[in-house]
Amino acid sequence: MANYFIRNAIICGIAISAAFAASTDAITMADAQKAYVSGNWKEAAAAYEQVCPTETEEARTECYLWNVLALSQIGNAKDFSKAGKRLDSLIQATNPQHPVYADLMMTKAQFQMYLGKYDNAAESLIHAIETAQPRQATVLQKVCTAVQARVKKENLNEACQRLSNPENLANKPASPDSTKTVEKADSTATKATAAADTAKKQPTPAKAAEPTKTAEQVKTAEPVKEAKQPTPAVQEPVKPDTAVYWTLQLGAFGVRPNAELLVNNLKKQNIVATIDERKSETKTLYVVQSGNFATKEKAIDFGAQKLAPLNVEFRAILKK
């Protein structure tokens with residue numbers, strides 16, 4: 001399994017190095033990337049340590065993820081522990097709509113796989129898929145194969161099944177204004193601490209291609225006043241005895257107030273939405289969903305008619 005992670009880390013590093021280098025310091029980052037791809041993990045980790053603090057806020061998290069990947073492969077418990085601590089801190093501090101969030105969660109899943117925490121790895125992988133975009137499907141499928149070999153869970157299988165049709169993944173970024181609103185509320189975690197005492201030999205978790213945001217929040221408004229219960233704005237719900245149905249996912253948030261803001265703004269438009277709380281080892285996602293539809297086509301039609309005019313991003317997902 002260690003060889004699997006080493007190969008994935010190197011391959012994924014090569015795949016995204018060109019795109020990431022464009023947004024970083026041309027010389028210093030190029031040196032770090034070269035050291036990483038060459039397998040000079042200690043040199044690469046040190047280079048990232050120097051350049052990451054100077055990066056813009058948008059690029060800094062991804063830079064530190066490179067640092068995590070390099071640290072995890074140096075080969076001693078101290079550096080591996082430091083990598084794990086830093087990864088957890090990055091996850092806590094990152095909004096699920098940030099472009100790098102799915103990368104963080106997929107890396108976490110592979111750390112957990114190496115440590116034998118298979119159920120936790122499954123939950124982290126599901127979070128990664130929930131916040132990924134179509135061009136990540138190939139890499140995610142490889143991770144799914146490894147995790148599914150160890151974990152037999154229906155929700156994991158359903159999440160991995162979506163990857164067979166990349167269109168099932170979110171493919172539109174949130175608007176700048178809505179993202180700023182969420183990021184401000186969600187940037188509360190501390191930075192990474194140094195190493196812990198216990199760790200196994202270094203894992204080499206893989207890194208995926210650049211992820212994207214999963215949904216768009218409705219424009220913020222003043223606090224919603226008490227209102228009469230709106231009429232549910234859903235079409236042709238499935239009968240109670242039908243176990244399978246389609247719903248629309250509208251957003252995945254790292255803090256509940258942001259999810260509630262979206263629900264309340266939709267409520268003012270007579271659209272009923274609910275919050276599905278999904279917990280993992282390191283973070284809880286608050287997923288906003290709306291509707292109960294017999295077919296995917298009906299769900300998408302509803303979204304196009306009711307949600308698109310409000311600039312609310314949506315995607316149809318199958319529920320069981």
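Just so it is clear, the model here is predicted, and its values are computed rather than measured.

1. What to know about the overall build of the protein
If you tally the helices and strands in the protein, you get 12 helices and 4 strands. When each of the 320 residues of the protein is scored for burial, the buried share is 50%. Long-range pairs, those at least 24 residues apart, make up 76% of the contacts in the protein between residues at least 6 apart in sequence.

2. Comments concerning the packing of helix α4 (residues 57–71) against helix α6 (residues 101–114)
In the contact formed by α4 and α6, the axes pass within 11 Å of each other and the chain directions differ by 15°. It follows that α4 is roughly parallel to α6 by the angle criterion. Regarding α4 and α6, the two cross each other, and that crossing is left-handed. For the pair formed by α4 and α6, the contact residues are Thr61, Leu65, Val68 and Leu69 on the first element and Asp103, Leu104, Thr107 and Phe111 on the second. Here the contact of α4 with α6 is composed, by residue class, of 5 nonpolar, 2 polar and 1 charged.

3. Digging into the nonpolar core
Of all hydrophobic cores here, the largest spans 55 residues; its most connected members are Tyr36, Tyr48, Leu125, Ile129, Leu140, Val147 and Leu156. Not counting the four nearest positions on each side in its chain, isoleucine 129 is found in contact with Leu140, Cys144, Ala159, Cys160, Leu163, Leu169 and Arg315. Membership of the second largest hydrophobic core comes to 18 residues, among which are Leu266, Ile271, Ala299 and Phe302.

4. So, the environment of cysteine 63
Counting through the fold element by element, cysteine 63 comes out in helix α4. Taking relative accessible area as the criterion, cysteine 63 reaches 0% and is therefore assigned buried.

5. Comments concerning α4
With 15 residues, α4 ought to run about 21 Å at 1.5 Å a step, and its terminal C-alpha atoms sit 21 Å apart, in line with that. Among the residues making up α4, those that are buried are Ala59, Thr61, Glu62, Cys63, Tyr64, Leu65, Trp66, Asn67, Val68, Leu69, Ala70 and Leu71.

6. Section: the state of the cysteines
Counted under the stated rule, the structure contains 2 disulfides. Residue cysteine 144 pairs covalently with cysteine 160 via a disulfide, S to S 2.1 Å. Because the torsion about its S-S bond is -90°, the bridge between cysteine 144 and cysteine 160 counts as left-handed. Of this pair, cysteine 144 sits in helix α8 (residues 137–148) while cysteine 160 sits in helix α9 (residues 154–162), and the two are 16 residues apart along the sequence. On the basis of relative accessible area, cysteine 144 is assigned to the buried category, the value being 2%. Looking at cysteine 160, the relative accessible area reads 9%, which means it is buried.

7. What to know about the packing of aromatic side chains
Inspection of every chain in the model, using the stated rule, returns 6 aromatic pairs. Here the aromatic rings of tyrosine 36 and tryptophan 66 are separated by 5.1 Å at their centres, their planes lie at 85°, and the arrangement is edge-to-face. Note that tyrosine 36 is positioned in helix α2 (residues 28–37) and tryptophan 66 in helix α4, a separation of 30 residues in sequence. By the burial criterion, tyrosine 36 is buried, and tryptophan 66 matches it. Seen in terms of ring centroids, phenylalanine 80 and tyrosine 114 are 6.5 Å apart; in terms of plane orientation they differ by 75°. Their pairing is edge-to-face. Here phenylalanine 80, found in helix α5 (residues 77–93), pairs with tyrosine 114, found in helix α6; they are 34 residues apart in sequence, far enough to count as distant.

8. A short note on the environment of threonine 295
Mapping threonine 295 onto the fold places it in the loop between β3 (284–293) and α12 (296–307). In sequence terms threonine 295 and tryptophan 246 are 49 residues apart; their C-alpha atoms lie 6.1 Å from each other. In this structure the side chain of threonine 295 is engaged in a polar contact, spanning 3.2 Å, whose partner is the backbone nitrogen of lysine 298.

9. Digging into the sheet that holds strand β1 (residues 245–253)
Spatial strand order, β2-β3-β1-β4: 4 strands in an open sheet with antiparallel pairing. Each having just a single partner strand, β2 (274–279) and β4 (315–319) make up the two edges of the open sheet. Going across the sheet, the axis of each strand differs from the next one's by a mean of 45°, ignoring polarity. Here 5 bridges tie β1 to β4, and the two strands are oriented antiparallel to one another. Each bridged residue has a counterpart across the sheet, and for threonine 247 the counterpart in β4 is isoleucine 317.

Rules used throughout
- Residues numbered from 1 in each chain as written.
- Predicted model: local features only at pLDDT ≥ 70, side-chain atom pairs only at ≥ 80, totals over all residues.
- Heavy atoms only, no water.
- Helix = DSSP H or I, 4+ residues; strand = E, 2+ residues; numbered from the N terminus.
- Buried < 20%, exposed > 50% of the residue type's maximum accessible area, 1.4 Å probe, protein only.
- Contact = heavy atoms within 4.5 Å.
- Axes fitted to C-alpha atoms, helices over the stretch in contact; angles between N-to-C directions.
- Parallel < 35°, antiparallel > 145°, perpendicular 65-115°, else oblique.
- Left-handed = near helix turned anticlockwise from the far one by under 90°.
- Nonpolar A, V, L, I, M, F, W, Y, C, P; charged D, E, K, R; others polar.
- Core = buried A, V, L, I, M, F, W, Y, C linked by side-chain atoms within 4.5 Å.
- Expected span 1.5 Å × (residues − 1).
- Disulfide = S-S within 2.5 Å.
- Phe/Tyr/Trp six-rings, centres within 6.5 Å; stacked < 30°, edge-to-face > 60°.
- Polar contact = N/O pair within 3.5 Å; in protein donor to acceptor, adjacent residues only side chain to side chain.
- Pairing = 2+ DSSP bridges.

No statement about biological role is implied by the geometric values presented.
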